[in-house]
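A structural walkthrough
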Amino acid sequence: MSQRHLLGIEHLTRAELVEMMDLADSMLEISERPIKKVPTLRGKTVINYFAEPSTRTRTSFEIAGKRLSADVINVSEATSSSKKGETLLDTAKNLDAMAPDVIVVRHSASGAARFVAQHVRAAVVNAGDGQHEHPTQALLDCATIRKHKGRIDGLAVSIIGDVAHSRVARSDIHALTKLGATVTVAGPRALMPVGIEAMGVTVLERTEAALEGADVVMVLRLQHERMAGGFITSTRDYSKSFGVNPRNIELAKPDAIVMHPGPINRGVEMEPEVADGRRSVILEQVTYGVAVRMAVLYLFAGGSPAA
Ligand code: CP
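As a starting point, this report considers the structure included with it. The shown structure was predicted, so the numbers you read here are calculated from the model rather than taken from an experiment.

Focus on the nonpolar core
Among the nonpolar cores identified, the biggest contains 67 residues, and Met27, Val104, Ile145, Ile159, Leu176, Val185 and Leu297 are the most heavily contacted of them. Of all the elements, helix H10 (residues 282-301) adds the most residues to this core, at eleven residues. In this structure Val104 touches Val46, Ile47, Asn48, Tyr49, Phe50, Phe61, Val125, Ala127 and Leu297, once residues within four positions along its chain are discounted.

Below, the structure is given as structure tokens:
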């Protein structure tokens, strides 16, 4: 790897993305063993510092570290001294003073992971920073697509929803375009970042147009926690105009897969029949999440090869 920290997908090469996906594929098998543990990261310490809520990312980083035999410590903002006024810089320096090998950071501020990386000796892994990037989500999304389709190059991938506030969309677009997919984004104009075309995507305003002929449909939720005003009239209107449902999903290719990073707001961006339907690979994304995070911890903490 050319980078000491995993802060985003933007500055990684196609070869590095493939290396991480290949390593994740080899890690999948460890989670299927009766004893799901290898000594790869014995003696290494991983701190998960999560200053925003998380179900999938925090849990899978913890499981990933433990399956590789690392010592894993979880620190959440709700129970940390940031509640007493400690700054992110002081929190980062104090955690680093305990000599972890990796600090995994989730934070509401775009750039928080890079900021931490500039002040610590540990390797920093970005677990989602504001509207910026969520690199391990993109890696697990690409690994899931590759498993189902056998390739990413040449696929038509449509990302539908609140792109403006989505770090997942940004990381996915960087990864998918580097890996040769054709990416279309669709959603209300107010939820589309200005100038997103410069990222090499086609922008559409209608969900149906984006679904037509897609190999992969990736649906995003409305990220109300990052909306500072009236971006939509109501979730009901949004669902009617932009939601993915059992009727419009049939516009995608017959073998198209449906993805969602979670958490899903059922009945808003996606109907339950689609979330749980034959095309859905949503829970496989979660399974890949552990394997990808095992690969990332292995590469950034430095360990001996998996046994
Ligand atoms: N996809 C994702 O980041 O989910 P969590 O917020 O639950 O970690």
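From this point, things continue past the structure.
Considerations on the pattern of salt bridges
This structure, assessed with the given rule, holds 14 salt bridges. Its salt-bridge partner being Arg167, residue Glu52 comes within 3.0 Å of it at the nearest N-O pair. Taken as a pair, Glu52 in the loop between strand E1 (45-50) and helix H2 (56-67) and Arg167 in helix H6 (residues 167-178) lie far apart in primary sequence, 115 residues in all. Per residue, the accessibility class of Glu52 equals that of Arg167, and both read buried. Bridged by salt links that share partners, the residues Asp22, Asp25 and Arg146 form one connected network.

Details of unusual backbone geometry
Cis geometry is adopted by the peptide bond preceding Pro263, which originates at Gly262 and carries an omega value of -5°. Looking at the element boundaries, Pro263 is found in the loop between strand E9 (257-259) and helix H9 (272-275). Backbone geometry at Ser69 places phi at a positive 70°, although glycine is not the residue there. Within the secondary structure, Ser69 is located in the loop between H2 and strand E2 (71-76). Overall, the relative accessible area of 16% leaves Ser69 in the buried class. With phi around 60°, Ala99 is a residue other than glycine that occupies positive phi space. Relative to the helices and strands, Ala99 is located in the loop between helix H3 (88-96) and strand E3 (102-107).

Some details on helix H5 (residues 135-149)
For H5, spanning 15 residues, the distance from its first C-alpha to its last is 21 Å, which sits close to the expected 21 Å at 1.5 Å a residue. Within H5, 13 of the 15 residues are buried, leaving the element largely enclosed by the surrounding structure. Remark: Gly150 follows H5 within two positions and exhibits a positive phi of approximately 80°.

With respect to the side chain of Asn248
Mapped onto the fold, Asn248 is located in the loop between helix H8 (235-242) and E9. Discounting chain neighbours no more than four positions away, the residues touching Asn248 are Thr207, Glu208, Leu211 and Gly243.

Topic: the site of the ligand
Taken together, Ser54, Thr55, Arg56, Thr57, Arg106, His134, Gln137, Pro261 and Gly262 form the complete shell of residues around the ligand. The separation between an oxygen atom of the ligand and a polar side-chain atom of Ser54 is 2.6 Å. Here an oxygen atom of the ligand sits 2.9 Å away from a polar atom, N or O, in the side chain of His134. Relative to its unbound accessible surface of 250 Å², the ligand loses 92% to contact with the protein.

Quick notes on the rules
Counting restarts for each chain, with residues numbered from 1 along the sequence as it is written. Reporting of local features is limited, given that this is a predicted model, to residues whose pLDDT is at least 70; pairs of side-chain atoms are given and counted only at 80 or more, and all residues count toward the totals for whole chains, interfaces and linings. Hydrogens are left out, water is left out, and the side-chain values use all remaining heavy atoms of the structure. We call a set of buried Ala, Val, Leu, Ile, Met, Phe, Trp, Tyr and Cys residues a nonpolar core when their side-chain atoms join them within 4.5 Å. Only protein chains enter the accessibility calculation, which uses a 1.4 Å probe; a residue is then buried when its area is under 20% of its type maximum, exposed when over 50%, and partly exposed in between. Here a strand is any run of E in DSSP of at least two residues, a helix any run of H or I of at least four, and the numbering for each starts at the N terminus. In this description, contact between two residues means that some pair of their heavy atoms is separated by no more than 4.5 Å. Criterion for a salt bridge: a side-chain nitrogen of Lys or Arg within 4 Å of a carboxyl oxygen of Asp or Glu. One less than the residue count of a helix, multiplied by 1.5 Å, gives the span that helix is expected to have. Here a residue is near a molecule or strand as soon as one of its heavy atoms is found within 4 Å of it. Counting of polar contacts relies on pairs of N or O atoms within 3.5 Å, with two restrictions inside protein: one atom must be capable of donating a hydrogen and the other of accepting it, and residues adjacent in sequence are counted only when both atoms are side-chain atoms. Per-residue and other accessible areas were derived by the Shrake-Rupley procedure at a 1.4 Å probe size, with only the shown protein chains allowed to occlude residues.

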